[in-house]
Amino acid sequence: MDSLITAAARALTAGDPLGALNRVALRDDAPALALRGIAMAQLGDFDRATALLRSAARAFGSREAVARARCVVAEAEIALVSRDLSWAAKALDTARETLEAHGDRVNAAHARYLEVRRLLLIGRLDEAERMLADLDPMPLPSALRTAHELVVAGIAIRRLQTKTARAALVRAKRAAHHAGIPALAAEVESAYHVLNTPAARLIAQGEDRLLLLEEVEALLASETLVVDACRYVVRDAHTVVSLARRPVLFELARLLGEAWPEDVPRGTLIAQAFRTKFADESHRARLRVEVGRLRTEFGPLADVSATKRGFKLVPYSAHEVIVLARPIEEKHAAVLALLVDGEPWSSSALALALGASQRTVQRALDSLATAGKVQSFGRGRARRWMTPPVPGFTTTLLLPGPLPGD
């Protein structure tokens, strides 16, 4: 009977869940329950997979610590894939320590990669990079080497280091080929697709065009003054001024950036920045105050000069001003940007990734659902949200941390 367990495990390693189930589907002993759980996860039935793995962990008993730890790791992977990012990192860390203590370095490394991938999803790049630095992929199986390079590429993409990302994806493609697992190869191709689809939109002097990530990287390294509506900052190659917590000031900066080198009428600034159709002397006084604050925030980057009809942006050293925006803009674009990967997300995971309150995210989801842009399935804590990917666009790469106003 142990030969069936071994054969099922090999089938799962090769990405053949149906072959594994054919060998253990009628068995209820602990190893078979664990393998059935992993097989169901590969087939996409995450709820059933989680239940089977928990049953397996209970069935293994206290003396089989390694097997129980492997079940915890498998359950954490299911949570990650199903975008349930609130799982207990401490339990995974304890499982990893158990595996390391018993010499199971492969599964211990797998546990650490899961935590790194979670940190990457929620935007904690520094922590992910530090944890990744402790991992040596060379002695690991091809599948884990692929995972390592995908994480390296993911961090590099989010840091706008496209050459590093492409090099990592070349290594990932090679490792995935050696692993012989179609799902891994597809994941690498998906990562390549990110680099070859528009990541942002350039707005300058009446021009409006899409940019690839490499073009965004080159733009941010130039001497151009960039009003970045993806991350809510104003920057050049040397200085970054964050306005993520100052939405009115950022709206003024964007309006001035889009109009440069021309000025913007006071009435337009008041209507757009203050969300009002009627302007009186109090609004004009407030505009003067906010423009003064914007001058202070800009520091060494630029001045805001008064003109006869309004205000204009005057960069100190940059010869050009552009606005960098998302390819598609709408009120709840940040939530849609995460859902566009086609994976099912929980509202708590979205809140964690965006640095917003869960209630704020839930209101956004309800609004998007009413408009038919997202859909949900499941109930209670098992409820997940998703939307079909928008063809031709990559919108998650330049997200800020917290949403303005939260």
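Residues numbered from 1 in each chain as written. Predicted model: local features only at pLDDT ≥ 70, side-chain atom pairs only at ≥ 80, totals over all residues. Heavy atoms only, no water.

## Quick notes on the overall build of the chain
Argument step 1. A tally of regular secondary structure across the chain gives 18 helices and eleven strands.
Argument step 2. Along the longest, intermediate and shortest principal axes, the C-alpha atoms of the chain span 90 × 40 × 35 Å.
Argument step 3. Here the chain holds 406 residues, and 49% of them are scored as buried.
Argument step 4. Sequence separation of at least 24 residues holds for 57% of the intrachain contacts in the chain that already meet a minimum separation of 6.
Argument step 5. Carbon together with sulfur atoms contributes 52% to the accessible area of the chain, which is approximately 19,800 Å² in total. (Helix = DSSP H or I, 4+ residues; strand = E, 2+ residues; numbered from the N terminus. Buried < 20%, exposed > 50% of the residue type's maximum accessible area, 1.4 Å probe, protein only. Contact = heavy atoms within 4.5 Å. Areas by Shrake-Rupley, 256 points an atom, 1.4 Å probe, with all protein chains shown as cover.)

## A word on the pairing of strand 1 (residues 200–204)
Here is the key point about a regular strand: its side chains alternate between the two faces of the sheet.
Argument step 1. Most of strand 1 sits inside the fold, with five of its five residues counted as buried.
Argument step 2. Here strand 1 shows two buried faces, one formed by Ala200, Leu202 and Ala204 and the other by Arg201 and Ile203.
Argument step 3. The pairing of strand 1 with strand 2 (residues 207–211) spans five bridges and is antiparallel. What sits directly across from leucine 202, in strand 2, is arginine 209. (Pairing = 2+ DSSP bridges.)

## Some thoughts on the sheet that holds strand 9 (residues 321–325)
Argument step 1. Ordered in space as 2-1-9-3-4-5, the six strands form an open sheet in which the pairing is mixed. Of all strands in the sheet, those bounded by a partner on one side alone are strand 2 and strand 5 (240–242). Sheet twist, expressed as the average angle between the axes of neighbouring strands with direction ignored, equals 20 degrees.
Argument step 2. Strand contacts of helix 12 (residues 213–221): strand 1, strand 2, strand 3 (225–228), strand 4 (233–235) and strand 9, with the helix running at about 115 degrees to strand 2, the strand carrying the most contacts. (Axes fitted to C-alpha atoms, helices over the stretch in contact; angles between N-to-C directions.)

## Digging into the side chain of threonine 197
Argument step 1. Positionally, threonine 197 belongs in the loop between helix 11 (182–195) and strand 1.
Argument step 2. Within the structure, the side chain of threonine 197 is placed 3.1 Å from the backbone oxygen of histidine 193, a separation counted as a polar contact.
Argument step 3. In this structure the side chain of threonine 197 is engaged in a polar contact, spanning 3.4 Å, whose partner is the backbone oxygen of valine 194. (Polar contact = N/O pair within 3.5 Å; in protein donor to acceptor, adjacent residues only side chain to side chain.)

## Points about helix 2 (residues 17–24)
Argument step 1. Every buried residue belonging to helix 2 is among Pro17, Gly19, Ala20, Leu21 and Val24, and all of these are buried.
Argument step 2. Elements that come into contact with the buried residues of helix 2 comprise helix 1 (2–13) and helix 3 (30–42).

## Describing unusual backbone geometry
Argument step 1. Residues tryptophan 260 and proline 261 are joined by a peptide bond in cis, for which omega reads 10 degrees.
Argument step 2. Following the sequence through the fold, proline 261 ends up in the loop between helix 13 (247–259) and strand 6 (264–265).
Argument step 3. One non-glycine residue, arginine 275, adopts positive backbone phi at about 55 degrees.
Argument step 4. Tracing the chain through its elements places arginine 275 in the loop between helix 14 (266–274) and helix 15 (281–298).

## Re the nonpolar core
Argument step 1. Ranked by size, the top nonpolar core spans 77 residues in total, and within it Leu132, Leu324, Val335, Leu339, Trp345 and Leu350 carry the most contacts.
Argument step 2. Sequence-distant contacts of valine 335, that is, excluding residues within four places in its chain, are made with Leu350, Leu354, Ala364, Leu365 and Leu368.
Argument step 3. Counting residues in hydrophobic clusters, the runner-up holds 34 residues, among them Leu243, Leu255, Leu294 and Ala318. (Core = buried A, V, L, I, M, F, W, Y, C linked by side-chain atoms within 4.5 Å.)

## Observations regarding the pattern of salt bridges
Argument step 1. In the structure shown here, the tally under the stated rule is 24 salt bridges.
Argument step 2. Of the charged contacts, one joins aspartate 104 and arginine 70 as a salt bridge, the two residues approaching to 2.8 Å between their closest N and O atoms. Here arginine 70 lies in helix 5 (residues 65–81) and aspartate 104 lies in the loop between helix 6 (89–101) and helix 7 (105–121), a separation of 34 residues in the sequence.
Argument step 3. A residue is classified by how much of its surface remains accessible, and aspartate 104, at 11% relative accessible area, is buried.
Argument step 4. Overlapping salt bridges, with partners in common, bring together Asp93, Arg96 and Glu100 in one network. (Salt bridge = Lys/Arg side-chain N within 4 Å of Asp/Glu carboxyl O.)

## Thoughts on helix 6
Argument step 1. Between the first and last C-alpha of helix 6 there are 18 Å, a value that for 13 residues agrees with the 18 Å anticipated at 1.5 Å per step.
Argument step 2. Of the surrounding secondary structure, the elements contacted by the buried residues of helix 6 are helix 5 and helix 7.
Argument step 3. Downstream of helix 6 by a residue or two, glycine 103 has a phi angle that is positive, lying close to 80 degrees. (Expected span 1.5 Å × (residues − 1).)

## Considerations on the packing of helix 1 against helix 2
Argument step 1. The N-to-C vectors of helix 1 and helix 2 enclose an angle of 165 degrees; their axes lie 7 Å apart at closest approach. In terms of orientation, helix 1 and helix 2 fall into the roughly antiparallel class. Read as a crossing pair, helix 1 and helix 2 show a hand that is left-handed. On helix 2, the residues that touch Leu4, Ile5, Ala7, Ala8, Ala11 and Leu12 of helix 1 are Pro17, Gly19, Ala20, Arg23 and Val24.
Argument step 2. The class makeup of the residues in the contact of helix 1 with helix 2 is nine nonpolar, one polar and one charged. (Parallel < 35°, antiparallel > 145°, perpendicular 65-115°, else oblique. Left-handed = near helix turned anticlockwise from the far one by under 90°. Nonpolar A, V, L, I, M, F, W, Y, C, P; charged D, E, K, R; others polar.)

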